[in-house]
Amino acid sequence: MFIRQHTRKIDGKRQAYWALVESFRTHSGPRQRVVAWLGRLDEAGRLGIAQAARMAAGDSDAPDRQLRLFPEDEAELEPRWVEVNAAGVRVENSCMFGGPWLALHIVRRLKLDQFLDETLPQGKETVPWSMTALILIIARLLDPSSELYVAEQWYSKTALPELLGVPAAAVDDNRLYRALDQLLPHKRALECHLKERLGTLFGLEYDLLLYDVTSTFFEGTAAFPLAQRGYSRDQRSDCKQVCIGLVVSRCGMPLGYEVFAGNTADVTTVQQIVGEMEDRYGRSQRVWVMDRGMVSEKNLDFFRQGQRRYLVGTPKSLLRQYERELLAEDWRTIRDGIEVKILDIPPVPGEAPQDDGSEGTKDREIFLLCRSRDRVQKEAGILKRFEERIEQRLTAMAERCVKQKRNVAAVERDVGRLLGQNTRAARLFEVRVTKRDDGYARLEWKKQSAAQDWAELSAGCYLLRTNVTDWSDEELWKTYMQLTEAEAAFRIHKSDLSLRPIWHQKEDRVLAHILVCFLSYVLWKTLGQICRQAGLGDEPRRVLDELSEIRLLNVILPTREGIELKEECVARPSEHQQILLDHLGLRLPSRLRRR
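If you're wondering where the values come from, they're calculated on a predicted model, not measured in any experiment.

Of the regular secondary structure elements, the chain holds 20 helices and 17 strands. Taking contacts inside the chain between residues at least 6 apart in sequence as the whole, the part at least 24 apart equals 67%. Carbon and sulfur atoms make up 47% of the accessible area of the chain, which totals about 31,200 Å².

Below is the structure:
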């Protein structure tokens, strides 16, 4: 550091002021910035500051040695005593510190900043693309919003300008949009880097991969090929959408994802996503776990031909082949409310029987029949609600046909609409619309006792299919239940990270937006894993919200000499915040060291 003179005119007279200036390095070369304004100094004052700098350097003969603004260890700080006007002490520019500081800590543990610095291209830009990308990722984690909001309102209210060394004036929405363009080409390399870092940090194993698909919709025209109308998980069939296939480990750590057109059926994505993961990470004896929406004989043949292992759900209609087993009492209870039994795959007509059935046969498949007491009660309640709705409406429609002259075609449309809106219970009713002697409609209906009996028998039951024959029935059931990790990942993406709706109208920007959400989710899961190891459970949002209350303050101290001292201080954490920090093994700085 060194002191530099600045001048300005006051009442026509030239006045000299002094500033403490620090040199620092950037990708574009050395730069300088003002650390503190010292006001007017006489010769003795200037010499005193220069002497203090040389003494702090530990070498009075080396006055030009570069000094840090604050020592590495705060214990090295020597007391400095000045007379301060207590009535003039004030606090300025209180900004959010805890959240950005914790997010940067996670970024550095993942070495994401280092990867971005080495990977993203470097040019003549004043702010490196790696820094701008970090701003996007951290903003998505802490306060998901638009690039315009981040640039104009959010960024300046946080401590990121001090933590990253990027002033708020240098961050605008155009720079953030262009950073999306710079980040997208490195999607695959980012996924590989994070997979390796997460495995190293937490000793993760990728022997079990969970795969699921969701959709997210657009606001606006979205006029590009990926944006299509299809089955919407968000109940927004009026909007175009894209589908996202996500692969996670058994603990929910993300491994990779792919984006598909909005009208893509889940079952058609399986071979592509499996091929992508194997090309990227190699083929090994992994077990793929998927729900029944991914299952087709074509996909199962694909798994068998590649000698891949799988555990999948099956369509509920397949349960009818096992009505006898459902009625039998040879269930095995593996936990309270959960019963299972292992069954052999029924032979397919026209096919040769499966091998000898030994445990070592690779082609052997089994079914796991499961029944959940909680699901029995839930499904029975749902069915009853739809059944009552249909019954009430059919009764009213039949009475109306008696009292009024209704057209047969119109009544048939009403019945079709009613059953289509209540498909869960539609099979329980037999409805007939006939023509009366006068040519108008008559509606007759009755309940089907056989369908009612089957609904009661199959309630809460589901069937799993697998070629993993060396696991117990309990291990198979527990493994399939881990699909909830993939579902939780989508829930976090959509709620906590605001993946939906998408406002971008260019395809590459849409893909980059999804990538930023994915990277923020990696930070989320990393914090969750750190919290779990620290005995804090898996509540990263609560930890982020609590620590985000810690503020960075500019404390202004007016001295007797007329000089105002400005100190950037981090507020002391509350008792609860300090307990969190202690469990996480983190120590807040009392003052901020500039980059």
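If you add up the space inside the second largest pocket, you get close to 1,600 Å³. If you trace the second largest pocket, you find 50 residues lining it, with Arg292, Lys316, Arg375, Glu379 and Arg424 closest to the centre. Partitioning the lining of the second largest pocket into residue classes produces 19 nonpolar, 14 polar and 17 charged.

The next subject is the nonpolar core. Inside soluble globular proteins, nonpolar side chains tend to come together where they are buried. Grouped together as the largest cluster of nonpolar side chains are 134 residues, with contacts concentrated most on Leu116 and Tyr211. The greatest single-element share of this core, amounting to 16 residues, is contributed by helix H18 (residues 507–533). Leaving out residues up to four positions away in the same chain, Tyr211 has contacts with Gly245, Leu246, Val247, Phe260, Thr269, Val270, Ile273, Trp288, Val289, Met290, Met294 and Leu483. Judged by nonpolar contacts, the second largest core, of 20 residues, contains Ile390, Val411, Leu428 and Val433.

The next subject is the sheet that holds strand E16 (residues 551–558). Spatially, the three strands line up as an open sheet ordered E4-E16-E17, and their pairing is antiparallel. Pairing within the sheet leaves two strands with one partner each, and these edge strands are strand E4 (90–96) and strand E17 (564–570). Mean inter-strand twist for the sheet, computed between neighbouring axes without regard to direction, equals 20°. By the bridge criterion, five bridges tie E4 to E16 in an arrangement that is antiparallel. Bridged to Val91 within E16 is Val555.

Moving on, we come to the pattern of salt bridges. All told, the structure shown has 42 salt bridges when counted by the stated rule. Note that Arg280 and Glu258 form a salt bridge whose closest N and O atoms lie 3.3 Å from each other. Highlighted residues: Arg280 in helix H9 (residues 270–281) and Glu258 in strand E7 (residues 254–261), separated in sequence by 22 residues. Both residues of the pair, Arg280 and Glu258, count as buried. The salt bridge partner of Glu297 is Arg465, with a shortest N-O separation of 3.2 Å. Taken together, the positions of Glu297 in helix H10 (residues 297–305) and Arg465 in strand E15 (residues 461–466) put the pair 168 residues apart, joining distant regions of the chain. With a relative accessible area of 10%, Arg465 lands in the buried category. Through salt bridges with shared partners, a single network forms among Lys187, Glu191, Glu258, Glu276 and Arg280.

Together, Arg292, Arg320, Lys378, Arg385, Arg389, Arg424 and Arg427 make up a region of like positive charge exposed at the surface. Counting residues per element, the positive patch draws most heavily on helix H12 (residues 373–403), at three residues. Within the secondary structure, Arg292 is located in the loop between strand E8 (287–290) and H10.

Calculation rules
Residues numbered from 1 in each chain as written. Predicted model: local features only at pLDDT ≥ 70, side-chain atom pairs only at ≥ 80, totals over all residues. Heavy atoms only, no water. Helix = DSSP H or I, 4+ residues; strand = E, 2+ residues; numbered from the N terminus. Contact = heavy atoms within 4.5 Å. Areas by Shrake-Rupley, 256 points an atom, 1.4 Å probe, with all protein chains shown as cover. 1 Å grid on protein atoms, 1.4 Å probe; cavity = no way out; pocket = protein on both sides within 12 Å on 5 of 7 lines; lining within 4 Å. Points joined across faces, edges and corners; volume = space filled by probe spheres on them. Nonpolar A, V, L, I, M, F, W, Y, C, P; charged D, E, K, R; others polar. Core = buried A, V, L, I, M, F, W, Y, C linked by side-chain atoms within 4.5 Å. Buried < 20%, exposed > 50% of the residue type's maximum accessible area, 1.4 Å probe, protein only. Pairing = 2+ DSSP bridges. Axes fitted to C-alpha atoms, helices over the stretch in contact; angles between N-to-C directions. Salt bridge = Lys/Arg side-chain N within 4 Å of Asp/Glu carboxyl O. Patch = residues over 30% accessible without salt bridge, like charges linked within 9 Å, V, L, I, M, F, W, Y side chains within 5 Å. Lys, Arg positive; Asp, Glu negative; His and termini not counted. Charge placed at Lys NZ, Arg CZ, Asp CG, Glu CD.

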